[in-house]
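Each chain, letter by letter, is given below.
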Amino acid sequence: MRAVPGWALVSAILAPIFLLAGLVLGTARQSASYSSTRDTISALGGLGATDRWIMVIGFTGMGICFILTGIGLRPAMMAGRVVMVFGGSVSLISAFFPQPVQGTSAMHGLVAGAAFVALAVWPAFAFRTDDLAPWSLRPTASLVATGIMIGLMFWFATELFNRGDQIGLTERFLAAAECLWPVVVVFNARQLAPVVSHAVTDEPG
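Residues numbered from 1 in each chain as written. Predicted model: local features only at pLDDT ≥ 70, side-chain atom pairs only at ≥ 80, totals over all residues. Heavy atoms only, no water.

Overview of the packing of helix α3 (residues 78–94) against helix α4 (residues 106–126)
Viewed as axis vectors pointing N to C, α3 and α4 meet at an angle of 160°, and their least axial separation amounts to 8 Å. One way to sum up the angle between α3 and α4 is to call them roughly antiparallel. In this structure, the crossing between α3 and α4 has a hand that is left-handed. Packed against α3, whose contacting residues are Ala79, Gly80, Val83, Met84, Phe86, Gly87, Gly88, Val90, Ser91, Ile93 and Ser94, the element α4 presents His108, Val111, Ala112, Ala114, Ala115, Ala118, Leu119, Val121, Trp122, Phe125 and Ala126 at the interface. Looking at the contact of α3 with α4, its residues break down into 16 nonpolar, 6 polar and no charged. (Axes fitted to C-alpha atoms, helices over the stretch in contact; angles between N-to-C directions. Helix = DSSP H or I, 4+ residues; strand = E, 2+ residues; numbered from the N terminus. Parallel < 35°, antiparallel > 145°, perpendicular 65-115°, else oblique. Left-handed = near helix turned anticlockwise from the far one by under 90°. Contact = heavy atoms within 4.5 Å. Nonpolar A, V, L, I, M, F, W, Y, C, P; charged D, E, K, R; others polar.)

Side note on helix α1 (residues 6–28)
Compared with an ideal rise of 1.5 Å per residue, which puts 23 residues at 33 Å, α1 spans 33 Å between its outermost C-alpha atoms and is within 8% of the ideal. For α1, every residue scored as buried is listed here: Ala8, Leu9, Ser11, Ala12, Ala15, Pro16, Leu19, Gly22, Leu23 and Gly26. (Expected span 1.5 Å × (residues − 1). Buried < 20%, exposed > 50% of the residue type's maximum accessible area, 1.4 Å probe, protein only.)

Observations concerning helix α5 (residues 139–161)
For an α-helix the count is 3.6 residues per turn, leaving residues at separations of three or four pointing the same way. The end-to-end C-alpha separation of α5 is 32 Å, in line with the 33 Å expected for 23 residues at 1.5 Å each. For α5, the complete set of buried residues consists of Ala141, Ser142, Ala145, Thr146, Met149, Leu152, Met153, Phe156 and Glu159. Arg163 lies just past α5 and shows a positive phi near 50°.

Notes on unusual backbone geometry
Positioned with a positive phi, Asp51 is a non-glycine residue whose angle comes to about 50°. Relative to the helices and strands, Asp51 resides in the loop between α1 and α2 (53–72). A relative accessible area of 27% places Asp51 in the partly exposed class. Of note in this structure, Arg163 is not a glycine but carries a positive phi near 50°. Within the element layout of this structure, Arg163 appears in the loop between α5 and α6 (167–202).

Considering the packing of aromatic side chains
The tally for this structure, following the rule as stated, stands at 3 aromatic pairs. Seen from their ring centres, Trp155 and Phe173 are 5.9 Å apart, and the 20° between their planes marks the pair as stacked. Residue Trp155 is located in helix α5, and its partner Phe173 is located in helix α6; the two are separated by 18 residues in the primary sequence. Classification of Phe173 by relative accessible area gives partly exposed; the value is 43%. (Phe/Tyr/Trp six-rings, centres within 6.5 Å; stacked < 30°, edge-to-face > 60°.)

Notes on the packing of α2 against α3
At a minimum axis separation of 7 Å, α2 and α3 run at an interaxial angle of 165°. In terms of orientation, α2 and α3 fall into the roughly antiparallel class. Regarding α2 and α3, the two cross each other, and that crossing is left-handed. Residues Phe59, Thr60, Met62, Gly63, Ile64, Phe66, Ile67, Thr69, Gly70, Ile71 and Gly72 of α2 pack against Arg81, Met84, Val85, Gly88, Ser89, Ser91 and Leu92 of α3. Here the contact of α2 with α3 is composed, by residue class, of 9 nonpolar, 8 polar and 1 charged.

Section: the nonpolar core
Leu19, Met55, Met62, Leu73, Trp122 and Trp181 are the most contacted members of the largest nonpolar core, which totals 44 residues. Among the elements of the structure, α1, α2, α3, α4, α5 and α6 are those that each provide at least two residues to this core. Considering each element in turn, this core owes the most residues, 9 residues, to α6. Other than its neighbours up to four places away in sequence, Trp122 contacts Leu73, Gly80, Val83, Met84, Trp181, Pro182 and Val185. (Core = buried A, V, L, I, M, F, W, Y, C linked by side-chain atoms within 4.5 Å.)

Here we look at the pattern of salt bridges
Inspection of the entire model under this criterion finds 3 salt bridges. Between Arg29 and Asp51 there is a salt bridge, and its shortest N-O distance comes to 2.6 Å. You can see Arg29 sitting in the loop between α1 and α2 and its partner Asp51 sitting in the loop between α1 and α2, a full 22 residues away along the chain. Salt-bridge contacts for Arg38 lead to Asp39; the nearest nitrogen and oxygen are separated by 3.0 Å. The buried category is assigned to Asp39, whose relative accessible area is 19%. (Salt bridge = Lys/Arg side-chain N within 4 Å of Asp/Glu carboxyl O.)

Written out as structure tokens, the structure is:
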């Protein structure tokens, strides 16, 4: 099994940092009418936001990090890595199709929705069934992780379509889960790498 390079660990860790920094700094620049519980993350990067460049950098950095992590997550199945890279790519693209001052943007909704879906389901395509697979890339952990993120996505979608008062809160829970799970997987895969290498070296023949 191929090891995860150090730069993939760095990119996995930086993804939630880009998200958190964008949320904290971007929210701090908005007027009191902006609510983190009610309003979307996209509104921070929308055309009507104050200093929207903060969240644009957050989206861009986070997207690049997902792309790099997907490329570097070598122990995972290729299909899962491709889905993660796709999710990172459309997440990055969403920063350049901002929400208008009034109303919504169909293009932003399309790319942001594609990013949320891809980053929720990639573990279901990435798991391995061999004995040397890290626990985070085995079927049970991968499918449970995807199930939790899909559940959060439906919660967010329900709030969004019903114009609920917890749209921002549910979106933040979903975004946090999607950013943090790759960190768990990369850490776990890198911890297992020396054990796997030793086992392979000790095989007879």
